[in-house]
Amino acid sequence: MCTETNHHNNIREAFAVLLRYRWRFALPAFLAMAGVLIVSLLLPRKYQAEAIFERRTDLVLSEMNSKGAPQLQSPRGSITQELTGETAVEQLVKQLRAEHIEGKAPRLIDQTVNDLRHDLPKSVMVRYDVSNNELDRATVSYVSTDPEMARLIVNKLVENYILRARSVMEKRLAQSATFFEDEVVRERKQIEELENKLLKFEIAHSELLPDSATSLQATLTESQNRLSAEDQALKAAVLNEESLRKSLEQTPKVTPMIVKGPNPELTRLDTELRKAEASLTEAVTVLKMKERHPDLVAMRQRIKSLKAEITHAEPEVVLQRHLSENPHYAELQTALLHAASEREALEAQVTATRKRADELNAQAAGLFPVRSDYRRITREVDQHQRQLAFWEDNLRRVRLAVTAENGNRGIQLDFIKPCPVLDRPVSPNLSQVLLAAVGIGLLSGIASVFFAHRADETFTSGEELAKAFQVPLMGSVSEIISAHQRRLRSIRNFVLYPLNAAAMLAVLAILSGVLYMELEHPSRQGKTAAGSPQPLNNGQAMNTVSGTAMAAKPQD
């Protein structure tokens, strides 16, 4: 609460000080604002010329680019360099010498040219509004004190760039096409020479080439394969012969012959069994014997014993034994003779094949140098074939681009907005000048009030006087003033001071109005000056003169 009270007291005290030294505030503020406005009227006017052009790639060429046609779209840095580079500046200087500054003194012409050469690369600005693969829209701007010179410079720069870019693209495409055609012809000639050399080499070394049907390598491979197969067959024949020999050793020459026949004891037992069963049937059915009859019991026991004997009796018995020659032994002997003869034939065949393979290996000693030379020539032919395909592909792409350019379907350069006649300067800026005037005026007034208040040693009340001298205050009287002095003070406060304030405001308004007319409506102000000749101040004279001095030496 105490802090807020002190803050309000400080504000009231500052406001009281401002009211006390109001003219110490108003007069410096007026002088500073008027000085800023007058200086702005005297400052040289700068005009910004802008021209817009487009660099468009047609959709047909874009489709070609996607399929391999060369890219003709220049990067941003390249376009900027082409617009403001040394070549563009020299071309512009020559055109200005011939067209724009005819009739001037040689000294002024040389001075203007030198200034342009030094100023253009730094002052010309290139801004891209749109930039993509299909469209580049650029704005070229230049600031100068001569509006006609600035307009001419940006228009000429863009026109020269368009003409130069079109010429460069056509020349580049023509040079590329010529270069690729020469490379294609050269590669074809080299391929033809290499193919002739390869054909002669194949004729001279037909047996040593890898792809020949009668080549040494194929024959050697075939011999080695046949030798391997014959070795396998020989090993199989040897194993077969050894197996037959072992089987023959284990097989006897004669074998015992055994003649078997039915067992006569078994026949006898069957006959007795049938007779016993017939007797048992007769005793039971005819004689009507009981189960306990001794004869019936004896018969049943006899039948049971006969069946047991029949069960244990052999069905066949050896009737005769004698020795005979073994037929399997003779078969083994015959097979062993065939196996031996086959082994001998295979041994002879393997020997002949191994001899042929050794002879071919001896001949293959000269195979590797010939094969190396043949593969080297083949690689050279393949390499030149790939190089020929590369150059033909590039030539096709360049021809596509040339076709697009000839059909106006390639890069299109359009000067869409030339710079018009300039009548409004960009420097000094009206809003900036007014803000600067108000700011500097306020700062000047506040500084004047501050220093006046700090340097003032007068007392405004009896309390301040008593406090300063440390004496008690007994009383105080008001200011003693006569009636004449009171009337003069009233006239000064209610008439002179308001008139002075009105005059200062009027001067500031007039200066602001003149500055507004010069900066915002210079053409209207020029018409007014032409219709009613009036004296011009320095700033107006500098703006209305189309003068040689401003054209001769542009200022930044």
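Note: the structure precedes this text.
Residues numbered from 1 in each chain as written. Predicted model: local features only at pLDDT ≥ 70, side-chain atom pairs only at ≥ 80, totals over all residues. Heavy atoms only, no water.

## Thoughts on the side chain of N155
- Relative to the helices and strands, N155 is located in helix α7 (residues 147-204).
- Assessed through its relative accessible area of 9%, N155 is described here as buried.
- Sequence-distant contacts of N155, that is, excluding residues within four places in its chain, are made with A51, F415, P418 and C419. (Helix = DSSP H or I, 4+ residues; strand = E, 2+ residues; numbered from the N terminus. Buried < 20%, exposed > 50% of the residue type's maximum accessible area, 1.4 Å probe, protein only. Contact = heavy atoms within 4.5 Å.)

## Let's talk about the packing of aromatic side chains
- Inspection of the entire model under this criterion finds 7 aromatic pairs.
- Between F53 and Y161, the ring centres sit 5.4 Å apart and the planes meet at 55°, which makes this aromatic pair tilted. One end of the pair, F53, is in strand β1 (residues 47-57); the other, Y161, is in helix α7, and 108 residues separate them in sequence.
- What makes F53 buried here is its relative accessible area of 1%.
- Joined through ring pairs, the aromatic side chains of F179, F180, F390 and W391 make up one cluster. (Phe/Tyr/Trp six-rings, centres within 6.5 Å; stacked < 30°, edge-to-face > 60°.)

## Things to note about the pattern of salt bridges
- In the structure shown here, the tally under the stated rule is 18 salt bridges.
- A salt bridge links R127 to D129; the nearest nitrogen and oxygen atoms lie 3.5 Å apart.
- A residue is classified by how much of its surface remains accessible, and R127, at 41% relative accessible area, is partly exposed.
- Of the charged contacts, one joins E241 and R343 as a salt bridge, the two residues approaching to 2.4 Å between their closest N and O atoms. Placement of the pair is E241 in helix α8 (residues 216-250) and R343 in helix α11 (residues 327-363), with a sequence separation of 102 residues. Note on accessibility: E241 and R343 belong to one class, buried.
- Connected via shared salt-bridge partners are E241, R245, R343 and E347. (Salt bridge = Lys/Arg side-chain N within 4 Å of Asp/Glu carboxyl O.)

## Things to note about helix α2 (residues 22-42)
- Here α2 contains 21 residues, and its C-alpha end-to-end distance of 30 Å stays within 8% of the 30 Å for a straight helix at 1.5 Å per residue.
- Within α2, the full set of buried residues consists of A29, F30, A32, M33, A34, V36, L37, S40 and L41. (Expected span 1.5 Å × (residues − 1).)

## Considering the packing of α2 against helix α15 (residues 483-520)
- As a packed pair, α2 and α15 sit with axes 10 Å apart at the nearest point and diverge in direction by 20°. It follows that α2 is roughly parallel to α15 by the angle criterion. Considering the relative orientation of α2 and α15, their crossing is left-handed. Residues R22, W23, A26, L27, F30, M33, A34, L37, I38, S40 and L41 of α2 form the contact with α15, whose own contacting residues are N493, Y497, N500, A501, M504, V507, L508, L511, S512, V514, L515 and E518.
- Considering only residue class, the contact of α2 with α15 consists of 17 nonpolar, 4 polar and 2 charged. (Axes fitted to C-alpha atoms, helices over the stretch in contact; angles between N-to-C directions. Parallel < 35°, antiparallel > 145°, perpendicular 65-115°, else oblique. Left-handed = near helix turned anticlockwise from the far one by under 90°. Nonpolar A, V, L, I, M, F, W, Y, C, P; charged D, E, K, R; others polar.)

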